[in-house]
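Reading the structure
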Amino acid sequence: MQDFIENIPKAELHVHLEGTLEPELSFRLAQKNAIKMPYTTPEELISAYDFTDLPSFLAIYYAGMDVLRTEQDFYDLTWSYLNKARSQNILYAELFFDPQAHTSRGVEFKTVITGIHHAQRDAEEKLGIKSQLILCFLRDMSAESAMEHLMYAEPYLDWIVGVGLDSDEKDNPPLKFADVFAKAKTFGLKLTMHCDVNQNNTHDHIAQCLDDIQVDRIDHGVNSLEKAALWQTIKTKKLGLTVCPVSNRFVVQSLTSKEIRQMLDNQMLVTINSDDPAYFRAYLNENFIELQSEGDFSESDIITLVTNAFKVAWLPEQEKGFYLDKVQHYVESYSA
Ligand code: ADE
Ligand code: ZN
């Protein structure tokens, strides 16, 4: 089963680029940028990854980003992730980035997006992994700041496929950003939002995503299962849910394998993702392997989860077909 998971061609739809910053790269960038690290080794840094919920994770995640200063730093970050992803047989990835977490430290939007884009371009050409970029707004910052960053992005719309909403959900509902997401839609961008697991007012937040914002996808969204009206709408609209098992174990102490099984039983378009793999110490294959083992998922379940990701990817139908054919071909040759 592990071999089957490792080798099946996959898509990843929920990964924060800043959450792929490995301790070794942090140390290298800190040294280059003359930043003093509060730890002496990468191992010591990893042992300080002490999070038990979303806010405690976010504090460590934002502190870690301080080493990212130049266009080359963002290039290196993105290039490293795309190499790792390709080594896990990920053929296509949609990448979140958090520009406000960088502009607030004095790093220009242009610096961030140019470094990322050039690495994406090179990885597609040299490694054969395609990726697209999703600009995430930090929901614990103001709607005005989000709108300002959407306007920074306007000259780069060819480099962005959609917008998302992340960071601390407490008291920051989707509706706070209704105008920003409406404007993003007029730019032709796809819309997604985090509805993290077990957050306050989670059912209201999911309902706002569905009814008011009219998202194209939901990140996490596990609590939709608790209200028939929510999960049935998600199913009817054929919306993808990007679930992140190991991330869930850190923030809610469960891989949510039962919930993922229930989504499959409900024929919802659930997908498996890594979220912040350098922090949670698990990339996409490790997420699948742990989930499979805990939930006793069959090969057929794994195929459905992988196939769902290509089905709900923000790609033209023809390109989805190209990847789905690759999955089918792999499955046929594996069973032969
Ligand atoms: N930013 C990075 N990872 C996140 C997560 N899991 N939830 C909300 N915001 C995030
Ligand atoms: Zn996330």
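Our subject is the structure that appears above.
First, a word on what this report is: a plain description of the structure on this page. (Residues numbered from 1 in each chain as written. Chains lettered and ligands numbered in written order. Predicted model: local features only at pLDDT ≥ 70, side-chain atom pairs only at ≥ 80, totals over all residues. Heavy atoms only, no water.)

1. Some remarks on the site of ligand 1
Near ligand 1, the surroundings consist of H16, L54, F57, L58, Y61, D166, S167, H194, D196, H220, D275 and D276. D275 has a polar side-chain atom sitting 2.8 Å from a nitrogen atom of ligand 1. Within the contact set of ligand 1, a nitrogen atom lies 2.7 Å away from a side-chain nitrogen or oxygen of D276. Calculation on ligand 1 without its partners gives an accessible area of 260 Å², and the protein chains cover 99% of this total. Here the element with the most residues in the shell around ligand 1 is helix α4 (residues 54-64); it accounts for 4 residues. In terms of residue class, the shell around ligand 1 is built from 4 nonpolar, 4 polar and 4 charged. (Near = heavy atom within 4 Å. Polar contact = N/O pair within 3.5 Å; in protein donor to acceptor, adjacent residues only side chain to side chain. Areas by Shrake-Rupley, 256 points an atom, 1.4 Å probe, with all protein chains shown as cover. Helix = DSSP H or I, 4+ residues; strand = E, 2+ residues; numbered from the N terminus. Nonpolar A, V, L, I, M, F, W, Y, C, P; charged D, E, K, R; others polar.)

2. A closer look at the packing of helix α10 (residues 202-213) against helix α11 (residues 228-236)
Between two packed helices, both the angle of their axes relative to each other and the distance between the axes serve to describe the pair. Here α10 crosses α11 at 30 degrees, and the two axes come no closer than 10 Å. Considering their axes alone, α10 and α11 lie roughly parallel with respect to each other. In this structure, the crossing between α10 and α11 has a hand that is left-handed. Contacts from H203, I206, A207 and L210 of α10 reach α11 at L230, T233 and I234. (Axes fitted to C-alpha atoms, helices over the stretch in contact; angles between N-to-C directions. Parallel < 35°, antiparallel > 145°, perpendicular 65-115°, else oblique. Left-handed = near helix turned anticlockwise from the far one by under 90°. Contact = heavy atoms within 4.5 Å.)

3. A word on the packing of aromatic side chains
Inspection of the entire model under this criterion finds 23 aromatic pairs. Look at F109 and Y152: their rings are 6.2 Å apart centre to centre, the planes differ by 50 degrees, and that puts the pair in the tilted class. One end of the pair, F109, is in helix α7 (residues 109-127); the other, Y152, is in helix α8 (residues 143-153), and 43 residues separate them in sequence. Between Y330 and Y334, the ring centres sit 5.6 Å apart and the planes meet at 35 degrees, which makes this aromatic pair tilted. Here Y330 pairs with Y334, and both are found in helix α17 (residues 317-335), just 4 residues apart, close to one helical turn. Ring pairs connect the aromatic residues Y49, F51, F57, Y61, Y62, F250, Y279 and F280, which therefore count as one cluster. (Phe/Tyr/Trp six-rings, centres within 6.5 Å; stacked < 30°, edge-to-face > 60°.)

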